[in-house]
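The residues making up each chain are set out below.
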Amino acid sequence: MHSSIDSYGVMGYPVSHSYSPEIHNLFALQTQQKIKYDLLQVSPNELESKISEFKSKGGKGLNITLPHKTEVFKLANQITERASIAGAVNTLTFRNDKVFGDNTDGVGLIRDLSVNLEIPLKNKNILILGAGGATRGIISLILEMKPKSLLIANRTIDKAEVLANQVSHLGQVSTCHLDAIPAFKNYDLIINATSAGIKGENSIYPTGIILNKTYCYDLSYGLKPTPFYEWAVNSGAHQSFMGWGMLVEQAAESFNIWRGIRPNTAPVLKKLITNA
Ligand code: NAP
């Protein structure tokens, strides 16, 4: 018999570092939703069977994190356009015996930038460092905000070019190698979507791209300031942020998809950073 408490969880490998249970439990408390949200460590070879098992036991939805975001794409019956462009799914919903796949990373970033931080994007010059999964997840949403220009710089230029071509129907995107970012180009916002520096490698960030009006946003977040965050502060950025807000906002979007209620993210973000 299925439990009367709706069951959710996050599947990843490893997954013990995930803040998702804490975030979703705080959302549930705030919105008075009776849910259960578990941390589910699942290796790649058992992903499909574990998802089936979760669904057959009456589970309502899953967040999917590394390294399964691409693999799980194939297991959904229906995919949203934003997940399709991302080529990755971070939210599964089980409804009427069907599996719906979505990607809430892009919305999460845009809500943090536009609503929480009030950083304007329309008509602005935006530079994204990196062309991996995270950039794929955010690019269509950034183009929807109608920036004046969007440049993607990546170590492997081919990946940036493929992505720019894929979204060309949504807006114009230029590309360049990470080592060849044009300096003094009036960037209003620089988003770091690389995983560089996280393991302590030397900085890869070029000089001459930050002005005193430039906002810098690192998708990565940590207990200590991330290398990009610090570099931006030291380079005289107008303001520099880590991706804690995006983390909470992408979770809020998943919660809204599942429960039909958008939680108030501000107190949850505050509590998360305080407890971290
Ligand atoms: P990914 O798919 O593995 O892509 C990694 C990117 O970093 C690629 O563009 C890669 O370049 C670049 N890179 C890695 N090491 C580098 C180095 N030493 N020098 C230069 N470039 C390097 O990872 P992802 O999923 O896009 O995630 C990127 C970051 O975003 C991660 O730190 C992740 O934690 C963060 N993120 C945060 C949130 C949030 O909610 N705040 C959500 C999603 C992701 P190549 O293409 O040349 O390999």
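Everything discussed here concerns the structure shown above.
Below, the structure is looked at part by part. (Residues numbered from 1 in each chain as written. Predicted model: local features only at pLDDT ≥ 70, side-chain atom pairs only at ≥ 80, totals over all residues. Heavy atoms only, no water.)

**Focus on the state of the cysteines**
Then, in step 1: Tallied over the entire structure, the rule returns zero disulfides.
Then, in step 2: C216 supplies the cysteine sulfur nearest to C176, a cysteine that is in no disulfide, at a spacing of 16 Å.
Then, in step 3: By relative accessible area, C176 is classed as buried at 10%. (Disulfide = S-S within 2.5 Å. Buried < 20%, exposed > 50% of the residue type's maximum accessible area, 1.4 Å probe, protein only.)

**Digging into the sheet that holds strand β1 (residues 6-12)**
Then, in step 1: The strand order across the open sheet built from six strands is β2-β1-β3-β5-β6-β4, with neighbouring strands paired in mixed fashion. The sheet is open, and its two borders are formed by β2 (35-41) and β4 (78-79), each paired with just one other strand.
Then, in step 2: Strand direction decides the pairing type here: strand β3 (residues 61-64) and strand β5 (residues 91-95), joined by three bridges, are antiparallel. In the sheet register, L62 faces β5, and the bridge partner there is L92.
Then, in step 3: Where helix α1 (residues 20-31) meets the sheet, it contacts β1, β2 and β3, and its direction lies at approximately 175 degrees from that of β2.
Then, in step 4: Across the sheet, helix α2 (residues 47-56) touches β1, β2, β3, β5 and β6 (98-102), and the angle it forms with β1 is around 170 degrees. (Pairing = 2+ DSSP bridges. Helix = DSSP H or I, 4+ residues; strand = E, 2+ residues; numbered from the N terminus. Contact = heavy atoms within 4.5 Å. Axes fitted to C-alpha atoms, helices over the stretch in contact; angles between N-to-C directions.)

**Looking at the environment of G132**
Then, in step 1: In this fold, G132 is placed in the loop between β7 (125-129) and α5 (133-144).
Then, in step 2: Look at G132 and you get partly exposed, because its relative accessible area is 25%.

**A few points about the site of the ligand**
Then, in step 1: Taken together, 23 residues lie near the ligand, and A134, N154, T156, K159 and S220 sit nearest.
Then, in step 2: A distance of 3.0 Å separates an oxygen atom of the ligand from a polar atom in the backbone of A131.
Then, in step 3: Between the ligand and R155 there is a distance of 2.9 Å, counted from an oxygen atom to a side-chain nitrogen or oxygen.
Then, in step 4: When the ligand sits alone it has 930 Å² of accessible area, and the protein chains cover 77% of it.
Then, in step 5: Here the residues of the shell around the ligand sort into ten nonpolar, nine polar and four charged. (Near = heavy atom within 4 Å. Polar contact = N/O pair within 3.5 Å; in protein donor to acceptor, adjacent residues only side chain to side chain. Areas by Shrake-Rupley, 256 points an atom, 1.4 Å probe, with all protein chains shown as cover. Nonpolar A, V, L, I, M, F, W, Y, C, P; charged D, E, K, R; others polar.)

**What about the nonpolar core?**
Then, in step 1: In terms of nonpolar packing, the biggest core is built from 30 residues, with L109, I128, I139, I142 and I191 touching the most fellow members.
Then, in step 2: When residues of this core are traced back to their parent elements, those giving at least two are α4 (105-116), β7, α5, β8 (149-154), α6 (157-166), β10 (189-192) and β11 (215-218).
Then, in step 3: Take this core: its biggest share by element is five residues, from α5.
Then, in step 4: Ignoring any residue separated from it by four or fewer positions in sequence, one finds I139 in contact with I85, L150, I152, L163, V167 and V173.
Then, in step 5: Counting residues in hydrophobic clusters, the runner-up holds 20 residues, among them V10, I23, M242 and V268. (Core = buried A, V, L, I, M, F, W, Y, C linked by side-chain atoms within 4.5 Å.)

**As for α5**
Residues that lie three or four places apart on an α-helix share one face, since the helix turns once every 3.6 residues.
Then, in step 1: Within α5, burial applies to T135, G137, I138, I139, S140, L141, I142 and L143.
Then, in step 2: Taken from the residues just after α5, K146 is the one with a positive phi, measuring 55 degrees.

**Digging into the pairing of strand β9 (residues 174-177)**
Then, in step 1: Relative to β9, β8 is paired through four bridges, and the arrangement is parallel. Its bridge partner lying in β9, I152 is registered against T175.
Then, in step 2: Between the parallel pair β8 and β9, the chain is carried across by α6, and the sense of this crossover is right-handed. (Right-handed = clockwise from strand over helix to strand, strands pointing away.)

**Some thoughts on helix α8 (residues 244-259)**
Then, in step 1: A rise of 1.5 Å per residue sets the reference length of α8, with its 16 residues, at 22 Å; its end C-alpha atoms lie 22 Å apart and thus fit the reference within 8%.
Then, in step 2: Extensive coverage of α8 is indicated by the burial of 14 of its 16 residues.
Then, in step 3: In the stretch just after α8, G260 is the one whose phi turns positive, near 70 degrees. (Expected span 1.5 Å × (residues − 1).)

**Overview of the side chain of S20**
Then, in step 1: Looking at the secondary structure, you find S20 in helix α1.
Then, in step 2: Here S20 falls in the buried class, since its relative accessible area comes to 10%.
Then, in step 3: Apart from the residues lying within four places of it in its own chain, the contact partners of S20 are V10 and Y37.

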